[in-house]
Amino acid sequence: FLFRSINAGQTWETINVEESVGRFSFDIQAESADEAWITTQDYASGLGRAIYKTEDGGVTWQQKTLGGNTGVFIRLLDQNHIFCQANKGVTTSADDGATWESHNINGYGSAEYNGLISGCNMACTAGDTIWVGTSEGRIARSTLYGQEHTRFNAAVGEFIQCVSFADHQKGMLIYYDLNTGAYG
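Nothing here was measured: the structure is a model prediction, and the numbers come from that model.

(A) Layout of the overall build of the protein. Within the protein, the secondary structure is distributed over one helix and 16 strands. Against the 2.2 N^0.38 benchmark of 16 Å for 184 residues, the protein shows a C-alpha radius of gyration of 16 Å, consistent with a compact globule. Across its three principal axes, the protein shows a C-alpha extent of roughly 45 × 35 × 35 Å. Burial status across the protein gives 43% buried among its 184 residues. For the protein, the exposed surface amounts to about 9400 Å²; the carbon and sulfur share of it is 50%. In the protein, 11 side chains carry a positive charge and 21 a negative one; their mean positions are 5 Å apart.

Below, the structure written as structure tokens:
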């Protein structure tokens, strides 16, 4: 189910996304009052990961992708560029979702993954740049709308759960130390 408000959150309408039955969603990004995107995961139901878009306030949804790199978070970088990531897999669009390209990011550790508490707070964007934390205490940064990738050691706890940047230079993060159970 999806919930939609058109009055600043005072009331909410329940919408059943029938097109994605058998999957669940980690992330939603609104493009306008009527347009939004969601990521979906199947977790072994056989349906695969997919991205859906609505243009009518959630009444109907169109599947836009199907594949392993699309099921965790989605970011709308501008009116044309869309970025999706599922750990080391990335799927991008440069034409508002008409066509998509997928690739893997080199340099992730064999057991390294992106921290997922909620798709909406796990990654941050500024212009053409995306930052996301990893399970090994690193920040994965993608630039040029997801075409170039670098990773930085953050010198903090093991598991970076949330990243936020005010601009291309100033950022903050929240981490969880798996050894001590402390947040920082």
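We are not done yet, so read on.
(B) Structural detail: the sheet that holds strand β4 (residues 36–40). One open sheet holds the four strands; their spatial order is β3-β4-β5-β6, and the pairing between them is antiparallel. Strands with a single pairing partner mark the edges of an open sheet, and in this sheet they are β3 (28–30) and β6 (62–66). When strand polarity is set aside, the average angle formed by the axes of neighbouring strands in this sheet is 20°. Here strand β5 (residues 50–54) pairs with β6 via four bridges, running antiparallel. Looking at the pairing, K53 lines up with Q62 of β6.

(C) Spatial organisation of the pattern of salt bridges. A complete count under the given rule lists eight salt bridges for this structure. In this structure, R75 and D27 form a salt bridge, with 2.6 Å as the shortest nitrogen-oxygen distance. Residue R75 is found in strand β7 (residues 73–76), and its partner D27 is found in the loop between β2 (13–15) and β3; the two are separated by 48 residues along the sequence. With relative accessibility at 5%, the residue R75 sits in the buried group. Given the relative accessible area of 2%, D27 is considered buried.

(D) Seen up close, the state of the cysteines. A full pass over the atoms with the stated rule returns zero disulfides. Unpaired in this structure, C162 has its nearest cysteine sulfur neighbour in C124, at a distance of 8.5 Å.

(E) Region of the structure containing the sheet that holds strand β8 (residues 82–86). The four strands lie next to each other as β7-β8-β9-β10, forming an open sheet whose pairing is antiparallel. Two strands bound the open sheet, and with one partner strand each, they are β7 and β10 (101–104). Taken pair by pair, the neighbouring strands of this sheet meet at an average axis angle of 20°, ignoring direction. Pairing of strand β9 (residues 89–93) with β10, which is carried by four bridges, proceeds in the antiparallel orientation. Along β10, the bridge assignment pairs G89 with N104.

(F) Examining the packing of aromatic side chains more closely. Counting across every chain of the model gives five aromatic pairs. Here the aromatic rings of W37 and W100 are separated by 6.0 Å at their centres, their planes lie at 75°, and the arrangement is edge-to-face. On the criterion of sequence distance, the pair formed by W37 in strand β4 and W100 in the loop between β9 and β10 is long-range, its members being 63 residues apart. The two residues W37 and W100 agree in class, both being buried. Ring geometry for Y113 and F159: centres 5.8 Å apart, planes at 80°, overall edge-to-face. Of this pair, Y113 sits in the loop between β10 and α1 (119–122) while F159 sits in strand β15 (residues 159–165), placing them 46 residues apart in sequence.

Rules behind the numbers
- Residues numbered from 1 in each chain as written.
- Predicted model: local features only at pLDDT ≥ 70, side-chain atom pairs only at ≥ 80, totals over all residues.
- Heavy atoms only, no water.
- Helix = DSSP H or I, 4+ residues; strand = E, 2+ residues; numbered from the N terminus.
- Rg over C-alpha atoms; globule rule 2.2 N^0.38 Å.
- Buried < 20%, exposed > 50% of the residue type's maximum accessible area, 1.4 Å probe, protein only.
- Areas by Shrake-Rupley, 256 points an atom, 1.4 Å probe, with all protein chains shown as cover.
- Lys, Arg positive; Asp, Glu negative; His and termini not counted.
- Charge placed at Lys NZ, Arg CZ, Asp CG, Glu CD.
- Pairing = 2+ DSSP bridges.
- Axes fitted to C-alpha atoms, helices over the stretch in contact; angles between N-to-C directions.
- Salt bridge = Lys/Arg side-chain N within 4 Å of Asp/Glu carboxyl O.
- Disulfide = S-S within 2.5 Å.
- Phe/Tyr/Trp six-rings, centres within 6.5 Å; stacked < 30°, edge-to-face > 60°.

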